[in-house]
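Fold and contact review
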Amino acid sequence: MVQKLLKAAQKKLTMKIRSKFFFIIALATISNFSFSQIDQSKGTFEDKFRQLDEVFPSPNLSRPATGEPGPDYWQQRADYKIKIKLDEAARSVKGSEVITYTNNSPLKLNYVWLQLDQNIFDKNSINNLTRPWWGGNKSVDFSTLRRQNFMDSFDGGFQELSIKVNGKDAKINLVGTHVRINLNEPLIMGESTELEVEWAYALVEENAVRARNGYESFEDGNDIFLLAQWYPRVTVFSDYEGWHNKEFIGNGEFTLEFGNFEVDITVPADHIVAATGSLQNQDDVLNGTQKRRMKKASKSSKPIFIVTPDEAYDNELEKSSEYKTWSFKAENVRDFAWASSRKFIWDAAGFKQDSLENPLVMAMSFYPNEGEPLWSKYSTEAVMHTMEVYSKYSFDYPYPTAQSVNGPVGGMEYPMITFNGPRTELENDGSRTYSRSEKEFLIGVVIHEIGHIYFPMIVNSDERQWTWMDEGLNTFLQYLAEQEWDINYRSDRGEPRWITDYMSSNYQVPIMTNSESLLQFGNNAYAKPATALVVLRETILGRELFDQAFKEYSERWKFKRPTPYDFFRTMEEASGVDLDWFWRGWFYSTDHVDIALENIHIASLDTLNPQIDLAKDRIDFEKEPEILLDNRNEQSGIKTRVKERPELLDIYDEYDEFTPSDREMRDYEEILDDLYDKNDSDPEWKKKALVEALAKEEDYYIFEFKNKGGLVMPIPLELTYEDGKKELIRIPVEIWRKNPNRTRWLKRSELKITQAVIDPYWEIGDTDIENNYYPTRLIPARLKPRASRSNPKNLMQDLLNRNKKITSHN
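Structure report, in brief. Predicted, not measured: the structure shown is a model, and the values here were computed from it. (Residues numbered from 1 in each chain as written. Predicted model: local features only at pLDDT ≥ 70, side-chain atom pairs only at ≥ 80, totals over all residues. Heavy atoms only, no water.)

1. Comments concerning the overall build of the chain
Just so we agree on the cut-off: Secondary structure is summarised from DSSP: a helix means a run of H or I of at least four residues, a strand means a run of E of at least two, and numbering begins at the N terminus for each. With the radius of gyration taken over C-alpha atoms, the globule rule is written as 2.2 Å times the number of residues to the power 0.38. Only protein chains enter the accessibility calculation, which uses a 1.4 Å probe; a residue is then buried when its area is under 20% of its type maximum, exposed when over 50%, and partly exposed in between. Residue contacts are counted whenever heavy atoms from the two residues lie within 4.5 Å of one another. Reported accessibility uses the Shrake-Rupley method at a 1.4 Å probe radius. Residues are deemed covered only where the shown protein chains occlude them. Counting rule for charge: Lys and Arg are taken as positive, Asp and Glu as negative, and neither His nor the chain ends is counted. In this description, the location of a charge corresponds to atom NZ of lysine, CZ of arginine, CG of aspartate or CD of glutamate.
Of the regular secondary structure elements, the chain holds 21 helices and 33 strands. Its C-alpha atoms give the chain a radius of gyration of 37 Å, more than 25% over the compact-globule value 28 Å for 810 residues. Dimensions of the chain, computed from C-alpha atoms along their principal axes, come out at roughly 125 × 95 × 50 Å. By the burial criterion, 50% of the 810 residues in the chain qualify as buried. When contacts within the chain are restricted to residue pairs at least 6 apart in sequence, long-range pairs at least 24 apart make up 76% of them. Counting every atom, the chain has about 40,700 Å² of accessible surface; 48% of that belongs to carbon and sulfur. Between the mean site of the 101 positive side-chain charges and the mean site of the 130 negative ones, the chain shows a separation of 3 Å.

Here is the structure:
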């Protein structure tokens, strides 16, 4: 009986109904078709859901499988006492420091490494000898020429380097941007050693070299000095890599140890200094008016000038020959940076947060008159907005100050201080204006750089190895903060629709690539991971689960050093969702999202009763288009043989092919008998199931999806019904688990479906939206008229004109 039914079903599927695909249901014994399975080749199957256990490092008691710091977690400590003096005329600095280095590791150390980042400007540095200079097509850009000219006469790198260990001259090995200090005795767990270092170096002109630090000269004869990577810093020693002594080449930034800083900065007496930490000697460097304004600003939610624009302008007119020392103290920071200039306007406001440990943060900005009126309106406001938004998603801001400083560096971050570049334009009437883009650039870069104080200045990831861990996570939060600033803010990164060109490009590497080997650096390290996290939050996990997991990661790893695997594991463990497929696709591959809706088949459920089902077949057949030849024959008056000779008609002309035969009816009776399951407690359950399903009068829609981009994703599917109503269905990513290339999905509906669209809100970064529509939509476009312009070189005309001028002159 089963074989008979199979043959009958096969016959129905291949018979005359061409316009529909019939969905045949009869017995459970033959309805073994899975809509998510299609034929696969053993040799080509790729498991997109394969777990990452073989990729991640094995968990241990320092970094367990939960993604949190384990009971054996440790990290080193470096405390600094530094004295530095700025020589404004020579544009150089000279300094000394005492570093107290504590070994908290279970290993004994025979040597300590220091970072000498200024050595990147040495003529023989890896950066200088391998720096790309070409512009393509046998060209070189002007900024490269400017840099080359500057470096030709510049003696860069640390000079006058002197290092002692516990008061004794140290034996050292200089290796590029690092120096190894050999210890007289091994440094064991729990012990400390003192490193005494002296140095000097010339500052680079930042606009010429495009560095993260240096000076900027103005036509009025004054400079802005931005000091970063300015002192020899202890290299990280960690549980997962040992000494992090990768060369500083330029792209991969920094990873450092936490500690306390006491820094004395000696500068010209008329300079204003902004720095990491809290100012310790206000009475020595600020006048009475400035101190009163500071006190007032601490109680104000809106910025108040500490140094006004007029005062800054007056300050530029004369250069003091005297010096002042500004003393700063910073606790539990991984780095220290500072800025100095007599051109600085200074404003401040008191940012209050719901924190018992740190209820008040002084938000401050430093900028020249060339930044007005843009900076006084937006910089400090953006600083406070950043802390408000970032703290909501991570943790309360833990430091006493948060600062934005204008200078030649477009955007860089350090604990409590950031360098940001936008300026205004001087108009012919002496006023200064700014464009919409410059306004958004300032707001965006302040959010981004202040955000970096959270990641990686507090959540202390390894920038030298994994750029995305701070840039990507920070760009994600920047996107959230920008949209909470203004829903109409034109963010550059984060929205999935903006990443599609990059995702489908060929010139790229996975996110999980070392910083110095990245291609399309901004897209890879900033845009793609930020977009991935937006997709993870909005589409995969939902806001509640994502926000809980991300906050858990942030709290776990503040003031500690996470790896990518700690982040991945925490997000899975805290959300309770297996995300290995997501990390594999977005972070370990260069696949992109391109899901095509290839076909939709509409099927009806047969009753198995030939009288009913064949009547349906007749209706479907009658809906087919008329045969063109027969139609034209009738129009031409051609009479058929049977019309001219009616006696040729017989019983088959009275009953069409959709008339059930006695045999078909007998088969139907046998089918009904087979539906009786005597071994079940409800012997007629199959018949009841069929009757109940038929009573619903539903159509069966079979959707065929193709994964053309390779990246498996959930399928947001919007259906439009005949009554105009829409339904958004999110098909889980597991639909691809048996075949990552093609899959089918079944939808039952009483109402007719008139349209289906994949990713209607452009939320998954699908690179080709035109194959998302069924039926295919008309592609909107605009044609712009273009006049043909031809201006060929006419040397003959030029030469004749020149000869005429010469003749007339003679």
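So that's the structure; there's more coming.
2. Side note on the environment of Lys616
Within the fold, Lys616 resides in helix α16 (residues 610–622). Separated by 42 residues in sequence, Lys616 and Phe658 place their C-alpha atoms 8.9 Å apart.

3. Thoughts on the packing of helix α8 (residues 374–393) against helix α10 (residues 468–485)
Stated formally: Inter-axis angles, ranging from 0 to 180 degrees, are taken between N-to-C directions of lines fitted to C-alpha atoms, where helices are fitted over the stretch in contact. Each crossing is labelled by how the near helix is turned from the far one, with a counterclockwise turn of less than a right angle marking it left-handed and a clockwise turn marking it right-handed. Under this grouping Gly is polar, as are all residues other than the nonpolar Ala, Val, Leu, Ile, Met, Phe, Trp, Tyr, Cys and Pro and the charged Asp, Glu, Lys and Arg.
One can describe the packing of α8 onto α10 by two numbers: an axis separation of 10 Å at closest approach and a directional angle of 115 degrees. Every pair of crossing elements has a handedness; the one defined by α8 and α10 is right-handed. Contacts between α8 and α10 pair Tyr378, Glu381, Ala382, His385, Val389, Tyr390, Lys392 and Tyr393 from the former with Asn474, Leu477, Gln478, Leu480, Ala481, Glu484 and Trp485 from the latter. Per-class residue counts for the contact of α8 with α10 are 9 nonpolar, 3 polar and 3 charged.

4. Focus on the pattern of salt bridges
Selection rule: A side-chain nitrogen of Lys or Arg and a carboxyl oxygen of Asp or Glu constitute a salt bridge if their distance falls within 4 Å.
Taken as a whole and assessed by the stated rule, the structure comprises 43 salt bridges. Ionic pairing is found between Glu316 and Lys343, a salt bridge with its closest N-O pair at 3.1 Å. In this pair, Glu316 is assigned in helix α7 (residues 309–317) and Lys343 in the loop between β19 (338–341) and β20 (345–352), connecting sequence segments 27 residues apart. Like Glu316, the residue Lys343 is buried in the burial classification.

5. Observations regarding the packing of aromatic side chains
Stated formally: Working definition: rings of Phe, Tyr and Trp (its six-membered ring) pair if their centres are within 6.5 Å, and the pair is stacked with planes under 30 degrees apart, edge-to-face with planes over 60 apart, and tilted otherwise. Over a ring means this: the NZ of a Lys or the CZ of an Arg is within 6 Å of the ring centre and within 35 degrees of the ring normal.
Inspection of the entire model under this criterion finds 51 aromatic pairs. The ring of Tyr323 is capped by Lys85, whose NZ or CZ atom sits 4.5 Å from the centre of that ring. A cation over an aromatic ring shows up here: Arg233 above the ring of Phe254, its NZ or CZ 4.8 Å from the ring centre.

6. Looking at the sheet that holds strand β3 (residues 109–115)
Selection criterion: Strands are treated as partners if at least two bridges between them are detected by DSSP.
Overall, antiparallel pairing links the 4 strands, which are arranged β6-β7-β3-β11 in an open sheet. Two strands in the sheet have a free side with no partner beyond their single neighbour: β6 (171–175) and β11 (233–234). Here 6 bridges tie β3 to strand β7 (residues 178–187), and the two strands are oriented antiparallel to one another. For Leu114, the partnering residue across the bridge sits in β7 and is Val179.

7. Here's the deal with helix α12 (residues 521–541)
The periodicity of an α-helix, 3.6 residues per turn, causes residues three or four positions apart to be oriented the same way. Heads up, the condition is: Here the bend at each residue means the angle between axes fitted to two seven-residue stretches, the one ending at that residue and the one beginning there.
Taken as a whole, α12 carries its principal kink of about 30 degrees at Ala527; the proline Pro529 stands between one and four residues after it. One or two positions beyond α12, positive phi appears at Gly542, with a value near 90 degrees.

8. Side note on the sheet that holds strand β17 (residues 304–307)
The mixed open sheet is built from 6 strands, whose spatial order is β17-β20-β21-β22-β24-β23. Edge positions in the sheet fall to β17 and β23 (411–414), since each of these pairs with one other strand and no more. Taking each pair of neighbouring strands and ignoring which way they run, the sheet shows an average axis angle of 20 degrees. As defined by bridge partners, β20 adjoins strand β21 (residues 360–367) across 8 bridges and the pair is classed as antiparallel. Paired with Ala348 across the bridge in β21 is Met364.

9. With respect to empty space enclosed by the protein
In plain terms, the rule: Buried and open spaces are told apart on a 1 Å grid over the protein atoms alone, a cavity being a set of points where a 1.4 Å probe fits but cannot get out and a pocket being an open set with protein on both sides within 12 Å along at least five of seven lines. Residues with an atom within 4 Å of a point are the lining residues. Grid points are joined across faces, edges and corners, and a volume is the space filled by probe spheres set on the points.
Applying the stated rule across the entire model yields 2 cavities of 30 Å³ or more. Of the pockets and cavities examined, the largest cavity occupies roughly 50 Å³. Among the residues forming the lining of the largest cavity, the class breakdown is no nonpolar, 3 polar and 4 charged.

10. Describing unusual backbone geometry
Here the amide bond leading from Glu372 into Pro373 is cis, since omega sits at 0 degrees, within 30 degrees of zero. Of note, the bond from Tyr774 into Pro775 is cis; its omega dihedral lies within 30 degrees of zero at -5 degrees. Here Pro775 is to be found in the loop between β33 (773–774) and α21 (795–809). One non-glycine residue, Gln520, lies in positive phi territory at about 50 degrees.

11. Describing helix α3 (residues 142–152)
Stated formally: Summarising the geometry, the arc corresponds to the directions from the helix axis toward the C-beta atoms.
Listed in full, the buried residues belonging to α3 are Thr144, Arg147, Phe150 and Met151. For α3, the arc enclosing every buried residue in end-on projection is 130 degrees, short of the 170-degree limit, so these residues lie on one face. For α3, exposure combined with an orientation more than 90 degrees from the buried face picks out Phe142, Asn149 and Asp152. In this fold, the buried residues of α3 make contact with α2 (126–130), α4 (206–209) and β9 (214–217).

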